[in-house]
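Commentary on secondary and tertiary structure
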Amino acid sequence: MGSLKLQVGNQPYLLAASSYVRMNVFVLERSIKLVDEFDEHDGKNTTYAVLFDGKLPVATARLMQSKTDILSVRIGRVATLKQYRGQKCGSQVFQALEKMATKSNYKKAIVHAELTAAEFYEKLGFARCGKAYQEDETECITLTKTLD
């Protein structure tokens, strides 16, 4: 592993880099349907955090404004390539978006997480909200956090 570099923004190359990681993790590895993984939220108005090892994108997350609350953001599609897991890459991209949301005066962050990943978000200060539900044929839970 070389030196890792984090980039955040909505430039087309970050969408492409994020898509590369998500394609590998969610579609190829986890067998999530392509049509479910890439949706109407992927585009020029979505902010992505991507962690690069040289030219290789290795971890990603995306940030969107909540549809129901203008003071809330939703952070999702957090993914890390298999060979980079356990090195806090997912935490880095997630926390970069959380920091950006806080600086932009958002008051709350929301995550729709796979139930198996809920503990990851709880370690980042999120709390479970409500009951588990099905999303893209996977059991999920919503977690929230008040931003400072």
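The coordinates are above.
Numbering of residues begins from 1 in every chain and follows the order in which that chain's sequence is written. Given that the model is predicted, a residue must reach a pLDDT of at least 70 before its local features are reported, and side-chain atom pairs must reach 80 or more before they are shown or counted; all residues, however, enter totals for whole chains, interfaces and linings. Calculation of side-chain values draws on the structure's entire complement of heavy atoms; hydrogens and water are dropped beforehand.

1. Brief notes about a nonpolar patch on the surface
Note the following rule: Each patch is assembled from residues with relative accessible area greater than 30% and no salt bridge, linking like charges that lie within 9 Å and nonpolar side chains (Val, Leu, Ile, Met, Phe, Trp, Tyr) that lie within 5 Å. The protein chains shown are the only cover counted for residues, whose accessible areas, like all others here, come from Shrake-Rupley with a 1.4 Å probe. A side-chain nitrogen of Lys or Arg and a carboxyl oxygen of Asp or Glu constitute a salt bridge if their distance falls within 4 Å. Numbering of helices and strands starts at the N terminus; helices are DSSP runs of H or I of at least 4 residues and strands are runs of E of at least 2. In this scheme, a residue with accessible area under 20% of its type's maximum is buried, one over 50% is exposed, and one in between is partly exposed, where area comes from a 1.4 Å probe on protein chains only.
A contiguous nonpolar patch, built from Leu6, Val8 and Met100 and spanning about 200 Å² of accessible area, is present on the exposed surface. In this fold, Met100 is placed in helix α3 (residues 89-103). We classify Met100 as partly exposed; its relative accessible area is 31%.

2. Observations concerning α3
Rules: A helix's residues, less one, multiplied by 1.5 Å, set its expected span.
Taking 1.5 Å of rise per residue, the 15 residues of α3 would be expected to cover 21 Å, and the 21 Å separating its terminal C-alpha atoms lies within 8% of that figure. All of the buried residues in α3 are Cys89, Gly90, Ser91, Val93, Phe94, Ala96, Leu97, Glu98 and Ala101. Phi turns positive one or two residues past the end of α3, at Asn105, with a value near 70°.

3. Points about the sheet that holds strand β5 (residues 108-114)
Note the threshold: Should DSSP find at least two bridges between two strands, the strands are taken to pair. The angle between two axes is taken between their N-to-C directions and runs from 0 to 180 degrees, where each axis is a line fitted to C-alpha atoms and a helix contributes only its stretch in contact.
In spatial order, the strands read β1-β2-β3-β4-β5-β7-β6; together these seven strands make up an open sheet with mixed pairing. Each edge of the sheet is formed by a strand with only one pairing partner; in this case those strands are β1 (4-9) and β6 (127-135). Between one strand axis and the next, the sheet turns through 20° on average, direction left out of account. Here six bridges tie β1 to strand β2 (residues 47-53), and the two strands are oriented antiparallel to one another. Residue pairing in the sheet places Lys5 in a bridge with Phe52 of β2.

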